[in-house]
Amino acid sequence: MPRNEDNARDEHFWQTVARRYDVEPGPINLENGYFGRMTHRVMEAYQRNIDFINRSNSVHVRQHFDQIGIADIRADLAELMGVSDQAITFSQNATASLQALIRNYNRLQPGDQVLYSDLEYETVKSALNWLERYRGVQVIRIEHAHPASYETLLASYQEAFVRYPRLKLMALTHVTHRTGLVMPVQAIVEMATEHGVDVILDGAHALGQLEFDLPTLGVAFAGFNLQKWIGSPLSLGVTYIAPERLADIDPDMGETHFPLTDIRSRTPHSTPNIPALMTLPTVFAEHRELGGAAGKGARLAYLRNLWVSEARAMPGIEVLTPDDPRLYGAITSLRFTRQADQQRMAERLLNEYNLFTVARSGSACGPCIRVTPGLTTSAQDIDQLIKALAELGG
Ligand SMILES: Cc1ncc(COP(=O)(O)O)c(C=O)c1O
């Protein structure tokens, strides 16, 4: 097996990977961050599972799936994530997991402080704002310096921890959806722990794209989805709670289907997308065949570097995401500095160059265009982006 870095630049190998997917003719998709495609093999398994569950209905689900099927699938996911199966439970998406963690975190007293930065996802921010209204805590909002570096990121948290001694809880996004910045999670969590601050990690973009080990990161609470970079059907999320911290999260809305000591009581008990869950063993097999997070991540970072190394030198383009390899993965954002309207520039990329990207705003560093290659993206697609940026930015 070649090293991930060598494999990442092997266009022939990635063409064979691309052939595992059905791709609708049309624009070159450089907005693969919304959700991932399923491979043919996953699609076929999913379709078979839909047909089967539709035929067998509750007879199979009550007799087999609810008893052993789901337990095996959960154990498979735990193995993939390198954690105990007692530490994870399925949810519908990352938002559901993160909101349940925020809503049910039971260590806050009125007057305590909770923190988020400008780079967090909107639903995470609104959930923390909700705590302010319903739990009487104070929300501390920080903005990261731009351009960000490893040191500035740590410094802004260090400063907040010193300045706000009543801080108890913070949100942290592993891979920020606006600029693709990868946060130095382990170092931030270490600092937070020293100051008695718990971290809820938003791992929506991280799982399957970055290699990481939750216990090493020191994270006690996290929410993920499986549809972005693992390649599952839509509608699957995962809540992680370090087993020794389970008591710090209440059962969701008084949930009683499972004992207090069972993490499954920390998400709403409802009928899930059973065929999607049943497809997960195939999803994990495909994920591993593509090299897992290490192989996928190396390819995506290689494609990212192909365009960023050219765009950095273009006078009318600002690349917002730093080149420190600790701080980026697939996603990187840019701004046309000579044009004010980035939404309009995203439209021009589409209309004039057949490139599909997405404009993003809301972070302190201002509006931008997010570029996210995927597993079907070729080096040739990236050449088209470089050409477009040189011509439109110049
Ligand atoms: C950083 C981040 N957090 C959370 C989410 C929400 O994920 P989900 O759609 O699985 O709820 C997203 C989705 O794009 C995201 O980018």
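Scroll up for the structure.
Residues numbered from 1 in each chain as written. Predicted model: local features only at pLDDT ≥ 70, side-chain atom pairs only at ≥ 80, totals over all residues. Heavy atoms only, no water.

Here we look at the overall build of the protein chain
Okay, so step 1: The helix and strand tally for the protein chain stands at 13 helices and 13 strands.
Okay, so step 2: In terms of overall dimensions, the protein chain is globule-like: its C-alpha atoms have a radius of gyration of 21 Å, near the 21 Å expected for 394 residues.
Okay, so step 3: Projected onto its principal axes, the C-alpha coordinates of the protein chain cover approximately 60 × 55 × 35 Å.
Okay, so step 4: Residues counted as buried form 56% of the 394 residues belonging to the protein chain.
Okay, so step 5: Across the protein chain, every contact between residues at least 6 apart in sequence was considered, and the portion connecting residues at least 24 apart equals 70%.
Okay, so step 6: Counting only carbon and sulfur atoms, one obtains 50% of the accessible surface of the protein chain, whose full area is about 17,100 Å².
Okay, so step 7: For the protein chain, the distance from the average site of its 37 positive side-chain charges to the average site of its 46 negative ones is 3 Å. (Helix = DSSP H or I, 4+ residues; strand = E, 2+ residues; numbered from the N terminus. Rg over C-alpha atoms; globule rule 2.2 N^0.38 Å. Buried < 20%, exposed > 50% of the residue type's maximum accessible area, 1.4 Å probe, protein only. Contact = heavy atoms within 4.5 Å. Areas by Shrake-Rupley, 256 points an atom, 1.4 Å probe, with all protein chains shown as cover. Lys, Arg positive; Asp, Glu negative; His and termini not counted. Charge placed at Lys NZ, Arg CZ, Asp CG, Glu CD.)

Description of the environment of Ser-363
Okay, so step 1: As for its position among the elements, Ser-363 is in the loop between strand S12 (358–360) and strand S13 (368–371).
Okay, so step 2: Between the C-alpha atoms of Ser-363 and Ile-263, which are 100 residues apart in sequence, the distance is 34 Å.
Okay, so step 3: Those residues in contact with Ser-363 that sit more than four places away from it in its chain are Asp-118, Leu-119 and Arg-178.

A few points about the sheet that holds strand S3 (residues 113–117)
Okay, so step 1: Pairing in this open sheet of seven strands is mixed, and the strands run S2-S8-S7-S6-S5-S3-S4 from one edge to the other. Whereas interior strands pair on both sides, the edge strands pair on one side only; in this sheet they are strand S2 (88–91) and strand S4 (138–142). Within the sheet, the average angular offset between the axes of one strand and its neighbour, ignoring direction, is 20°.
Okay, so step 2: In this sheet, S4 lies alongside S3 in parallel orientation, the contact comprising five bridges. What sits directly across from Tyr-116, in S4, is Arg-141. (Pairing = 2+ DSSP bridges. Axes fitted to C-alpha atoms, helices over the stretch in contact; angles between N-to-C directions.)

Topic: the packing of aromatic side chains
Okay, so step 1: Applying the stated criterion to the full structure yields six aromatic pairs.
Okay, so step 2: When the centroid spacing of 5.9 Å and the interplanar angle of 80° are considered together, the rings of Tyr-105 and Phe-221 count as edge-to-face. Remark: Phe-221 occurs in strand S7 (residues 221–225) and Tyr-105 occurs in the loop between helix H4 (94–104) and S3; sequence separation between them is 116 residues. For the pair Tyr-105 and Phe-221, a shared accessibility class is recorded, and that class is buried.
Okay, so step 3: Between Trp-130 and Tyr-134, the aromatic rings sit 5.1 Å apart at their centres with planes inclined by 35°, giving tilted as the arrangement. Separated by four residues within a single helix, Trp-130 and Tyr-134 lie in helix H5 (residues 122–135), roughly one turn from each other.
Okay, so step 4: Among the residues examined, Trp-130 registers a relative accessible area of 29% and is labelled partly exposed.
Okay, so step 5: Between Arg-304 and the ring centre of Tyr-328, over which it is positioned, the NZ or CZ distance is 3.7 Å.
Okay, so step 6: Between Arg-326 and the ring centre of Tyr-150, over which it is positioned, the NZ or CZ distance is 3.8 Å. (Phe/Tyr/Trp six-rings, centres within 6.5 Å; stacked < 30°, edge-to-face > 60°. Lys NZ or Arg CZ within 6 Å of the ring centre and 35° of its normal.)

Regarding the side chain of Asn-32
Okay, so step 1: Here Asn-32 lies in the loop between strand S1 (28–29) and helix H3 (40–81).
Okay, so step 2: Non-local contacts of Asn-32, meaning those with residues more than four positions away in its chain, are made with Arg-37, Trp-229, Thr-372, Pro-373, Gly-374 and Thr-377.

What to know about the sheet that holds S13
Okay, so step 1: Ordered by their spatial adjacency, four strands build an open sheet running S9-S10-S13-S12, and the pairing between neighbours is antiparallel. Across the chains shown, the open sheet's two edge strands, defined by having one partner strand only, are strand S9 (317–319) and S12. If you compare each strand with its neighbour and ignore which way they point, the axes differ by 35° on average.
Okay, so step 2: Examined bridge by bridge, strand S10 (residues 332–336) and S13 share three bridges and lie antiparallel to one another. If you follow Leu-334 over to S13, its bridge partner there is Ile-369.
Okay, so step 3: Sheet strands in contact with helix H12 (residues 342–353) are S10, S12 and S13, and its direction is about 40° off that of S13.

Quick word on the site of the ligand
Okay, so step 1: Within the structure, the ligand sits among 13 residues, and Ala-94, Thr-95, Asp-202, Asn-225 and Lys-228 are positioned closest to it.
Okay, so step 2: At 3.2 Å, a side-chain N or O of His-205 approaches an oxygen atom of the ligand.
Okay, so step 3: Note that an oxygen atom of the ligand is positioned 2.8 Å from one of the side-chain N or O atoms of Asn-225.
Okay, so step 4: When the ligand sits alone it has 390 Å² of accessible area, and the protein chains cover 89% of it.
Okay, so step 5: Looking at the shell around the ligand residue by residue, the classes come out as four nonpolar, seven polar and two charged. (Near = heavy atom within 4 Å. Polar contact = N/O pair within 3.5 Å; in protein donor to acceptor, adjacent residues only side chain to side chain. Nonpolar A, V, L, I, M, F, W, Y, C, P; charged D, E, K, R; others polar.)

Remember that the coordinates give geometry; whether it matters functionally is a separate question.
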